[in-house]
Amino acid sequence: MADAPLSYSAPAAGQAFPATRLRRTRQYAWLRRLVAETVLTPSDLIWPLFVHGREESEPVAAMPGVDRLAVEGAVLAATQAVEMGIPAVALFPVVDAAHKSDDAREAFNPESLVCRAVRAIRREVGDSLGIICDVALDPYTPHGHDGLVQGGRVLNDETVAVLCRQALVLAAAGCHVVAPSDMMDGRVGAIRRALDGVQRQDVCILAYAAKYASAFYGPFRDALGSAGALGTAAALGVADKKTYQMDPANADEALREVALDVAEGADMVMVKPAGTALDIIQRVKEACGVPTLAYQVSGEYSMIQAAAGNGWIDGQKAALESLLVIKRAGADGILTYFAPQIARSLRT
Ligand code: PBG
């Protein structure tokens, strides 16, 4: 024991001998857990739900593991969300062709499917779960555009007027957060004024501030049954959404979008898609300091599910990793179709 120190020979000066070994803190699971800089929890997740007017649920072919739910099914999912510690759901109605029109009037029908779903969920879970509703006209127009179309153009200000009516109806039905995802200019301010005008200062606005024109929305359009709609749109001279959704080439413009929406009264902003815009999430979070959410969209979900279904990747691990890095980039919350699966795994 006494001569143990003597057996130690110090490394010669200049000998390669790293004093800092980063692998040291990766040796054990407990130590990795201790030094983890980012921790994903169920509180980070928002669960998007597709609701349709039928009695039975129905699988979405392009999104394995996701169903179109009856209103009752959405109520059940909402109660499960509460149990799993998921703070909010986002509702997307699957609207029958009979309720689609060029003026999108079903968007402000207080008896619409989404309004009925909001009321049913709110009755069941009260304020223990956030209910978020999209404000955009795409479920209600035959061409699937988020706004009114005339003369080969998507009209801005005329659309904003309809969006305000839609937001008021959704708020009256009981949703806590309206989420304009339409990308019209000036809609956040107009919706805020409309809500405040009827004493609904309590209703939050989550602005899809940096929403890119993305190929990754494909499966979502299948879920809504609007995949063919853009064919109708092409006949009207507006084949895609590039005149209102952002060009993926741009980043500074995303910051301008966010700044405008915040100035107009947005309480929270969204970056979408998430996985192809991690740089944008980081910049928005740093520059604006507002709660920044990110949407892991349908295509991101379906890619993982497809690869997992083929046995090419471990779907659960890939889902977790994809969400963890979105949080690491700076997202305060993530909309993801993996929400129930991941929340369950994080709690066990
Ligand atoms: C429509 C809307 C879209 C998504 C959410 N709201 C599609 C679109 O803009 O065409 C896509 C979500 C997803 O792909 O998961 N305003």
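A brief look at the structure comes next. (Residues numbered from 1 in each chain as written. Predicted model: local features only at pLDDT ≥ 70, side-chain atom pairs only at ≥ 80, totals over all residues. Heavy atoms only, no water.)

1. Considering unusual backbone geometry
With an omega dihedral of -10°, the bond running from K272 to P273 counts as a cis peptide bond. On the secondary structure map, P273 appears in the loop between strand 10 (268-272) and helix 9 (278-288). Phi is positive for A104, which is not a glycine, with a value near 55°. Inspection of the secondary structure assignment puts A104 in the loop between strand 4 (88-93) and helix 3 (113-125). (Helix = DSSP H or I, 4+ residues; strand = E, 2+ residues; numbered from the N terminus.)

2. Digging into the nonpolar core
Of all hydrophobic cores here, the largest spans 116 residues; its most connected members are F50, L91 and V178. At nine residues, the largest contribution of residues to this core is made by helix 4 (residues 157-173). Not counting residues within four places of it along the chain, the set of residues in contact with F50 comprises M63, V66, D67, R68, L69, F92, V94, F220, A223, L224 and Y337. (Core = buried A, V, L, I, M, F, W, Y, C linked by side-chain atoms within 4.5 Å. Buried < 20%, exposed > 50% of the residue type's maximum accessible area, 1.4 Å probe, protein only. Contact = heavy atoms within 4.5 Å.)

3. Describing the packing of aromatic side chains
Here the structure, examined in full by the defined rule, presents ten aromatic pairs. Between the aromatic rings of Y208 and Y295, the centroid separation amounts to 6.3 Å while the plane-to-plane angle is 45°, which identifies the pairing as tilted. With a gap of 87 residues between them, Y208 in strand 9 (residues 204-211) and Y295 in strand 11 (residues 292-296) connect regions that are remote in the sequence. The two residues Y208 and Y295 agree in class, both being buried. Put simply, the rings of F50, F92, Y208, F220, Y295, Y301, Y337 and F338 pair up and form one aromatic cluster. Directly above the aromatic system of F108 lies the positively charged group of R165, at a separation of 3.8 Å from the ring centroid. Looking at K211, its charged tip hangs above the ring of Y208, at a distance of 5.5 Å from the centre. (Phe/Tyr/Trp six-rings, centres within 6.5 Å; stacked < 30°, edge-to-face > 60°. Lys NZ or Arg CZ within 6 Å of the ring centre and 35° of its normal.)

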